[in-house]
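Residue-level structural notes
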Amino acid sequence: SLGSIQWVITGYLLSLAAVIPVTGWAVRRYSSRRLYLIALVVFTLGSALCALATTSSELIAFRVVQGIGGGMITPIGQMILVKASGPRNLPKVMSFIGVPIVLAPVFGPTLGGLLLQTVGWQWIFLINAPVGILAFALAWRLLPHDEASSAKAGRLDVLGLVLAAAGVVGITYGLSESETAGSLTAPSVLGPVLAGIALLGLFVVRSRRTTHPLLDLTLFRNPAFRAASIVTFCLGAALFGAMILMPLYFQTVRGQN
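This section reports on the structure supplied with the text. For clarity, every value in this text was computed on a predicted model and none was experimentally measured.

1. A word on the packing of aromatic side chains
Within this structure, the stated rule accounts for 5 aromatic pairs. An angle of 40 degrees between the planes, with centres 5.5 Å apart, marks the rings of Trp7 and Tyr173 as tilted. Residue Trp7 is found in helix α2 (residues 7–30), and its partner Tyr173 is found in helix α8 (residues 158–176); the two are separated by 166 residues along the sequence. Ring centres of Phe220 and Phe225 lie 5.1 Å apart, and the angle between their planes is 75 degrees; this geometry places the pair in the edge-to-face category. For Phe220, a relative accessible area of 34% gives the class partly exposed. Over the aromatic face of Trp140 sits the side chain of Arg33, whose NZ or CZ is 5.1 Å from the ring centroid.

Right, dumping it as structure tokens:
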């Protein structure tokens, strides 16, 4: 059904949202190079397993695995870029990598459509395998070794991690249930969403009072950081929103299954 197959997207987003908050601490604890290589392996392996799935349940489960790797790749990659480029060259580097970010939503659906029509849906995931292997080989050879320090990382704020991950997952899950419930005010929607908001509120309180918070909320006092966060949020909403709504439009409105 349409409701169950939507979990192919939702499952990926949930695992991605859950793993991002711990990435910063994990980089300090285990080094960015090592964690980036692990993320590439997990994402590539998850992609290959998705292509081998024989049921929707298997596909959703393997998408969760893929999301764990995907959730780590982007923030770790950004950390590596910032460290390698330095403050002076950072604007040039960010503008350079911004080009594929903008072009990907344009060419991605076209490539996806060609794969579906010619070789089958499995290749939407299989195409990640050679790219992931090549990326791993290049990262293994080119990425510099960086030192990890358990003292620098400090203790993991386990309670903060649980609150943040559960809060984000609760809101995402609740909103995803709105399609099945047919309303944004249904108990199956409001329950998880309100619980997620409450958990994130507790996370904010916890982060302001603990010595080594999972996320340093004082960063939002910086106008540049605050503006960048808002823009990134809006960009993500537009990209992911279009990715979910466009297939629904063609399937339910135009009847092009």
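2. Regarding the environment of Arg206
With respect to the helices and strands, Arg206 occurs in helix α10 (residues 187–209). Judged by its relative accessible area of 29%, Arg206 is partly exposed. Residues Arg206 and Leu159 lie 47 residues apart in sequence; the distance between their C-alpha atoms is 8.5 Å. Leaving out residues up to four positions away in the same chain, Arg206 has contacts with Asp157, Leu159, Gly160 and Leu163.

3. Some remarks on the side chain of Ser15
With respect to the helices, strands and loops of the structure, Ser15 is situated in helix α2. Within the local environment of Ser15, its side chain forms a polar contact with the backbone oxygen of Tyr12, the two atoms lying 3.0 Å apart. Residues contacting Ser15, with those up to four places away along its chain left out, are Arg63, Val64, Gly67 and Ile68.

4. Focus on the nonpolar core
Core analysis: the largest hydrophobic core is formed by 25 residues, its most contacted members being Leu35, Tyr36, Met72, Ile73, Ile76 and Ala139. Here the element with the most residues in this core is α2; it accounts for 8 residues. Sequence-distant contacts of Tyr36, that is, excluding residues within four places in its chain, are made with Ile73, Ile76, Gly77, Ile80, Ala139 and Leu143. Counting 6 residues, the second-largest nonpolar core is a separate cluster that includes Ala51, Ala53, Leu59 and Phe125.

5. Some details on the layout of surface pockets
Unfilled space is identified by rolling a water-sized probe across the atoms. In this model, the second largest pocket occupies a volume close to 190 Å³. Lining the second largest pocket are Tyr36, Leu40, Gly77, Ile80, Leu81, Ala135, Leu138, Ala139, Leu142, Leu143 and Pro144. Breaking the lining of the second largest pocket down by element, the ones donating at least two residues are α3 (32–52), α4 (56–118) and α6 (128–142). By residue number, the principal contributor to the lining of the second largest pocket is α6, which donates 4 residues. When its residues are assigned to classes, the lining of the second largest pocket shows 10 nonpolar, 1 polar and no charged.

6. Regarding unusual backbone geometry
With phi around 85 degrees, Ser31 is a residue other than glycine that occupies positive phi space. Mapped onto the elements, Ser31 comes out in the loop between α2 and α3.

7. Brief notes about the pattern of salt bridges
Considering all chains together, one arrives at 1 salt bridge under this definition. Arg206 is paired through a salt bridge with Asp157; the nearest N and O atoms lie 2.8 Å apart. You can see Arg206 sitting in helix α10 and its partner Asp157 sitting in the loop between α7 (150–153) and α8, a full 49 residues away along the chain.

8. Examining the environment of Leu103
Relative to the helices and strands, Leu103 is located in helix α4. For Leu103, a relative accessible area of 38% gives the class partly exposed. Between the alpha carbons of Leu103 and Leu134 there is a distance of 21 Å; along the sequence they are 31 residues apart.

9. Quick notes on the environment of Leu16
Tracing the chain through its elements places Leu16 in helix α2. On the basis of relative accessible area, Leu16 is assigned to the buried category, the value being 17%. Spatially, the C-alpha atom of Leu16 lies 9.2 Å from that of Val65, the residues being 49 residues apart in sequence. Not counting the four nearest positions on each side in its chain, Leu16 is found in contact with Gly67, Gly70 and Gly71.

10. Digging into the side chain of Thr23
Within the element layout of this structure, Thr23 appears in helix α2. Contacts of Thr23, omitting those with residues within four sequence positions, involve Leu35, Gly71, Met72, Pro75, Ile76 and Met79.

11. Overview of the packing of α3 against α6
Contact geometry of α3 with α6 gives a least axis separation of 9 Å together with a crossing angle of 165 degrees. Taken together, the axes of α3 and α6 are roughly antiparallel relative to one another. The element α3 and its partner α6 pack so that their crossing is left-handed. Facing α3, whose interface residues are Arg33, Tyr36, Leu37, Leu40, Val41, Phe43, Thr44 and Ser47, α6 presents Asn128, Ala129, Gly132, Ile133, Ala135, Phe136, Ala139 and Trp140. Split by residue class, the contact of α3 with α6 holds 11 nonpolar, 4 polar and 1 charged.

Thresholds, definitions, all that
Residues numbered from 1 in each chain as written. Predicted model: local features only at pLDDT ≥ 70, side-chain atom pairs only at ≥ 80, totals over all residues. Heavy atoms only, no water. Phe/Tyr/Trp six-rings, centres within 6.5 Å; stacked < 30°, edge-to-face > 60°. Helix = DSSP H or I, 4+ residues; strand = E, 2+ residues; numbered from the N terminus. Buried < 20%, exposed > 50% of the residue type's maximum accessible area, 1.4 Å probe, protein only. Lys NZ or Arg CZ within 6 Å of the ring centre and 35° of its normal. Contact = heavy atoms within 4.5 Å. Polar contact = N/O pair within 3.5 Å; in protein donor to acceptor, adjacent residues only side chain to side chain. Core = buried A, V, L, I, M, F, W, Y, C linked by side-chain atoms within 4.5 Å. 1 Å grid on protein atoms, 1.4 Å probe; cavity = no way out; pocket = protein on both sides within 12 Å on 5 of 7 lines; lining within 4 Å. Points joined across faces, edges and corners; volume = space filled by probe spheres on them. Nonpolar A, V, L, I, M, F, W, Y, C, P; charged D, E, K, R; others polar. Salt bridge = Lys/Arg side-chain N within 4 Å of Asp/Glu carboxyl O. Axes fitted to C-alpha atoms, helices over the stretch in contact; angles between N-to-C directions. Parallel < 35°, antiparallel > 145°, perpendicular 65-115°, else oblique. Left-handed = near helix turned anticlockwise from the far one by under 90°.

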